[in-house]
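Below are the chains, spelled out letter by letter.
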Amino acid sequence: MSWITRTRQQLTGFLAKRDTPENLWTKCKNCGTMVHSKEWADNDHVCPRCEHHDRIGGRTRFAQLFDGDYRVLSAPRVAEDPLKFKDQKRYGDRLKAARAQTGEQDAMLVAEGLIGGQRAVVGVQDFAFMGGSMGMAVGETFLSGVDAALAARCPFVMFTAAGGARMQEGILSLMQMPRTTVGIQMLKDAGLPYIVVLTDPTTGGVTASYAMLGDIHIAEPGALIGFAGQRVIEQTIREKLPEGFQRAEYLLEHGMLDMVVHRRDLKATLAQLIGLLMARRRAA
């Protein structure tokens, strides 16, 4: 055995035994920049080079928003797989896989805490859980957030992120559109603010219901917001649509949104809005 061969084998064995941390780097989905995972998290999961806002889940969002401790509301129990749906996989198996991947029971979490010293109830959809799709569990969780806001006499802030209704629940998923609409009306009747923050992506039945019924509509930069996809719309109307017409900045320019806010400024913006809206309510 030559010296080069022995050295190569020794080096291979040495490198194989080293403990290399997993997920040490994060690759930006927009510009491809490799960012150290700690720096990525410290920057609120926003790319330091191109400002791309990565998708985040509920617990990460709560940690960014609330002043300190917060309470996650218990998820209401709903019937699982009521239609015994099966496509390429059983719906029950898809739910198990999504729960194992995210560590959550379904696509929405609701928590209560303080934002800038002011009480608020916050709901967050997680696109990582079956595309944030709206099923019975999401509808019930949304309504539990409404109930919590009514009980605490505080605003309800909703962060949307969804591909639409959950097809595996059929008409039962579509029924969540009028149910959540009724919940929002209960907030309005009580004079409590309902603030929506649209994140990437918010589409389908979610856009057609509680995502567009807020007193104030905010979006994160670059968020995709719409009902149907661009290709479907172009094929229907047989016209070429403007570039980026479903992105947050275009919608702001054309009056569909009230503001586009960078993630680092969201907490301060929400605190200011909650203060103004609640002061108006107290003065009424």
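Bear in mind the structure is a predicted one, so any value in this text is a computation, not a measurement. (Residues numbered from 1 in each chain as written. Predicted model: local features only at pLDDT ≥ 70, side-chain atom pairs only at ≥ 80, totals over all residues. Heavy atoms only, no water.)

## Here's the deal with the overall build of the chain
Logical step 1: Secondary structure summary: the chain contains eleven helices and nine strands in total.
Logical step 2: Along the first, second and third principal axes, the C-alpha set of the chain runs to 90 × 45 × 45 Å.
Logical step 3: Burial analysis of the chain (284 residues in total) assigns 43% to the buried set.
Logical step 4: The long-range share in the chain, meaning contacts at least 24 apart out of those at least 6 apart in sequence, stands at 67%.
Logical step 5: Within the structure as shown, the chain displays about 15200 Å² of accessible surface, and the carbon and sulfur contribution to it stands at 54%.
Logical step 6: Averaging the coordinates of the 35 positive side-chain charges in the chain and doing the same for the 31 negative ones gives two points 5 Å apart. (Helix = DSSP H or I, 4+ residues; strand = E, 2+ residues; numbered from the N terminus. Buried < 20%, exposed > 50% of the residue type's maximum accessible area, 1.4 Å probe, protein only. Contact = heavy atoms within 4.5 Å. Areas by Shrake-Rupley, 256 points an atom, 1.4 Å probe, with all protein chains shown as cover. Lys, Arg positive; Asp, Glu negative; His and termini not counted. Charge placed at Lys NZ, Arg CZ, Asp CG, Glu CD.)

## Here's the deal with the packing of aromatic side chains
Logical step 1: Summed over the entire model, instances satisfying the criterion amount to eight aromatic pairs.
Logical step 2: In textbook terms, an aromatic cluster arises when at least three aromatic residues are bridged by ring pairs, as seen for F142, F156, Y194 and Y210. (Phe/Tyr/Trp six-rings, centres within 6.5 Å; stacked < 30°, edge-to-face > 60°.)

## Digging into the sheet that holds strand β9 (residues 259–260)
Logical step 1: With mixed pairing, the seven strands of this open sheet are ordered in space as β3-β4-β5-β6-β7-β8-β9. The strands lining the two open edges of the sheet, one partner per strand, are β3 (71–72) and β9.
Logical step 2: Bridge analysis of strand β8 (residues 216–219) against β9 gives two bridges, and the strand direction is parallel. When the sheet's bridge partners are listed, I218 is paired in β9 with M259. (Pairing = 2+ DSSP bridges.)

## Re the pairing of β8
Logical step 1: Both faces of β8 are covered, namely the face carrying I216 and I218 and the face carrying H217 and A219.
Logical step 2: Pairing between strand β7 (residues 194–202) and β8: four bridges, direction parallel. In the sheet register, I195 faces β8, and the bridge partner there is I216.

## As for helix α4 (residues 91–102)
Logical step 1: Along its twelve residues, α4 runs 17 Å from first to last C-alpha, staying within 8% of the 16 Å computed at 1.5 Å per residue.
Logical step 2: When α4 is considered as a whole, its buried residues turn out to be Y91, L95, A98 and R99. Along the axis of α4, the buried positions cluster into a sector of 100°, meaning they face one direction only. α4 presents K96, A100 and Q101 as exposed residues on the side facing more than 90 degrees away from its buried surface.
Logical step 3: Phi turns positive one or two residues past the end of α4, at G103, with a value near 80°. (Expected span 1.5 Å × (residues − 1). Arc of directions from axis to C-beta.)

## Some details on helix α3 (residues 58–65)
Logical step 1: When α3 is considered as a whole, its buried residues turn out to be G58, R61, F62 and L65. Taken around the axis of α3, the buried residues stretch over an arc of 100°, which confines them to a single face.
Logical step 2: Looking at the buried positions of α3, the neighbouring elements they touch are β3, β4 (108–115), β5 (118–125), β6 (156–162), β7 and α11 (266–283).

## Here's the deal with the environment of A120
Logical step 1: Considering the arrangement of structural elements, one finds A120 in strand β5.
Logical step 2: Along the primary structure A120 and A98 are separated by 22 residues, whereas in three dimensions their C-alpha atoms are 28 Å apart.
Logical step 3: Not counting residues within four places of it along the chain, the set of residues in contact with A120 comprises F66, A111, E112, G113, I115, C154, P155 and I274.

## Looking at the nonpolar core
A general feature of soluble globular proteins is that nonpolar side chains tend to end up buried together.
Logical step 1: Core analysis: the biggest nonpolar cluster contains 59 residues, and F142 and Y210 have the highest contact counts within it.
Logical step 2: Of the residues forming this core, the biggest block, seven residues, is contributed by helix α5 (residues 136–152).
Logical step 3: When residues no more than four places from it in sequence are discounted, the contact partners of Y210 are M108, Q125, M134, V138, F142, M158, T160, T180, I184, Y194 and V196. (Core = buried A, V, L, I, M, F, W, Y, C linked by side-chain atoms within 4.5 Å.)

## A word on the pairing of β7
Logical step 1: A large share of β7 lies buried, amounting to nine of its nine residues.
Logical step 2: For β6 and β7, the ladder comprises six bridges, and the chain directions are parallel. Of the residues in β7, the one forming a bridge with V157 is I195.

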